[in-house]
Amino acid sequence: MSHLISRSFLRRYWFPISLAIISAVSLYDTYLIVLFQGEIYHMEENPMGFWLIKLGDGSIEIFVRTKIAGTIVVVSTLLAMWIYRSKIIFPVTTSVASYQMGLFMYLTVA
């Protein structure tokens, strides 16, 4: 019986939980960028992020705005896929959430 309850719970809440993970890790990453903005020019490992910081002459403003816009696009796309019952919503959302969890581990452990 408990197996059926947990399966039902997972089936009903996996998408909102996945979206929460994706959004929360993105917010946490952005918070760290703002917190360490003085050092981020030397710490950023993503070539696109580094280029955006360089484009802003060392300022994080363009980088943060682009990062937030990217997160909004991803979450909006996933929501549209969910609303229109896309057949690939589960693997796509799970993959993005898994990547975000890996990023969270990297940010907190490294």
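A quick note: this is a predicted structure, and the numbers were derived from the prediction, not measured.

About the criteria used
The residue numbers shown here count from 1 along each chain, following its written sequence. Thresholds applied to this predicted model are a pLDDT of at least 70 for local features of residues and 80 or more for the giving and counting of side-chain atom pairs; totals over whole chains, interfaces and linings are not thresholded and use all residues. No hydrogens and no water enter the side-chain calculation; it runs on all heavy atoms of the structure. Patches were defined on residues exceeding 30% relative accessible area and lacking a salt bridge, with like-charge contacts within 9 Å and nonpolar side-chain contacts (Val, Leu, Ile, Met, Phe, Trp, Tyr) within 5 Å. For accessible areas, the Shrake-Rupley method is used with a probe of radius 1.4 Å. Any residue's cover is judged against the shown protein chains and nothing else. What makes a salt bridge here is a side-chain nitrogen of Lys or Arg within 4 Å of a carboxyl oxygen of Asp or Glu, nothing more. Per-residue accessibility, obtained with a 1.4 Å probe over protein chains only, is compared with the maximum for each type, and a residue is labelled buried under 20%, exposed over 50%, and partly exposed between these values. Helix numbering and strand numbering both begin at the N terminus, where a helix is a DSSP run of H or I of at least 4 residues and a strand a DSSP run of E of at least 2. To obtain the arc, one takes the directions from the helix axis to the C-beta atoms. Should any heavy atoms of two residues lie within 4.5 Å, those residues are counted as being in contact. Any N or O atom pair separated by 3.5 Å or less is treated as a polar contact, with the protein-specific requirement of one donor-capable and one acceptor-capable atom, and with residues adjacent in sequence counted only for side-chain atom pairs. Known as pLDDT, the predictor's per-residue confidence is scaled from 0 to 100. Stacked, tilted and edge-to-face are the three classes applied to pairs of Phe, Tyr and Trp rings, where Trp contributes its six-membered ring and a pair requires centres within 6.5 Å; stacked means planes under 30 degrees apart, edge-to-face means over 60, and tilted covers the rest.

**Q** In this structure, what is going on with a nonpolar patch on the surface? I would like to understand it.
**A** Together, Tyr31, Leu35, Phe36 and Met43 make up a nonpolar patch on the protein surface, roughly 410 Å² of accessible area in all. By relative accessible area, which is 49% here, tyrosine 31 ends up partly exposed.

**Q** Looking at this model, I keep getting lost on helix H3 (residues 47-55). Mind explaining?
**A** An α-helix turns once every 3.6 residues. As a result, residues three or four positions apart point the same way. Restricting attention to buried positions, one finds in H3 the residues Gly49, Leu52 and Ile53. Down the axis of H3, the sector holding all buried residues measures 100 degrees, keeping them to one side. Exposed residues on H3 whose side chains face more than 90 degrees from its buried face are Pro47 and Met48. In this fold, the buried residues of H3 make contact with helix H2 (40-43) and helix H4 (61-83). The N-capping residue of H3, defined by a side-chain oxygen 2.9 Å from the backbone nitrogen of methionine 48, is asparagine 46. One or two residues past the end of H3 sits aspartate 57, with phi positive at roughly 55 degrees.

**Q** What exactly am I supposed to notice about the confidence of the model for the protein here?
**A** In low-pLDDT regions, the fine details of the predicted coordinates are not to be read closely. Mean pLDDT over the protein works out to 87, with 90% of the residues at or above the 70 mark. Per-element averaging of pLDDT across the protein places H2 at the bottom with 82 and H4 at the top with 93.

**Q** What am I meant to see in the side chain of serine 26 here?
**A** Considering the arrangement of structural elements, one finds serine 26 in helix H1 (residues 2-35). Among all residues touching serine 26, those that are not within four sequence positions of it are Lys67, Thr71 and Gln100.

**Q** Explanation requested: the packing of aromatic side chains in the structure shown.
**A** We describe a pair of aromatic rings using the distance from one ring centre to the other and the angle between the two ring planes. Taken as a whole and judged by the stated rule, the model has six aromatic pairs. Measuring from ring centre to ring centre gives 5.7 Å for tryptophan 14 and tryptophan 82, while their planes differ by 80 degrees; the resulting arrangement is edge-to-face. On the criterion of sequence distance, the pair formed by tryptophan 14 in helix H1 and tryptophan 82 in helix H4 is long-range, its members being 68 residues apart. Ring pairing ties together the aromatic residues Trp14, Phe15, Trp82 and Phe90, which thus form one cluster.

**Q** Please clarify how the pattern of salt bridges should be interpreted in this entry.
**A** If the charged atoms of two oppositely charged side chains come close together, the side chains can form a pair. Taken as a whole, this structure holds two salt bridges when the rule is applied. Lysine 67 serves as the salt-bridge partner of aspartate 29, at 3.0 Å between the closest nitrogen and oxygen. Of this pair, aspartate 29 sits in helix H1 while lysine 67 sits in helix H4, and the two are 38 residues apart along the sequence. Residue lysine 67 is classed as buried on the basis of its relative accessible area, which comes to 17%. Between arginine 65 and glutamate 61 there is a salt bridge, and its shortest N-O distance comes to 3.0 Å. Of the two residues, arginine 65 and glutamate 61 both sit in helix H4, four residues apart, roughly one turn of that helix. Given the relative accessible area of 57%, arginine 65 is considered exposed.

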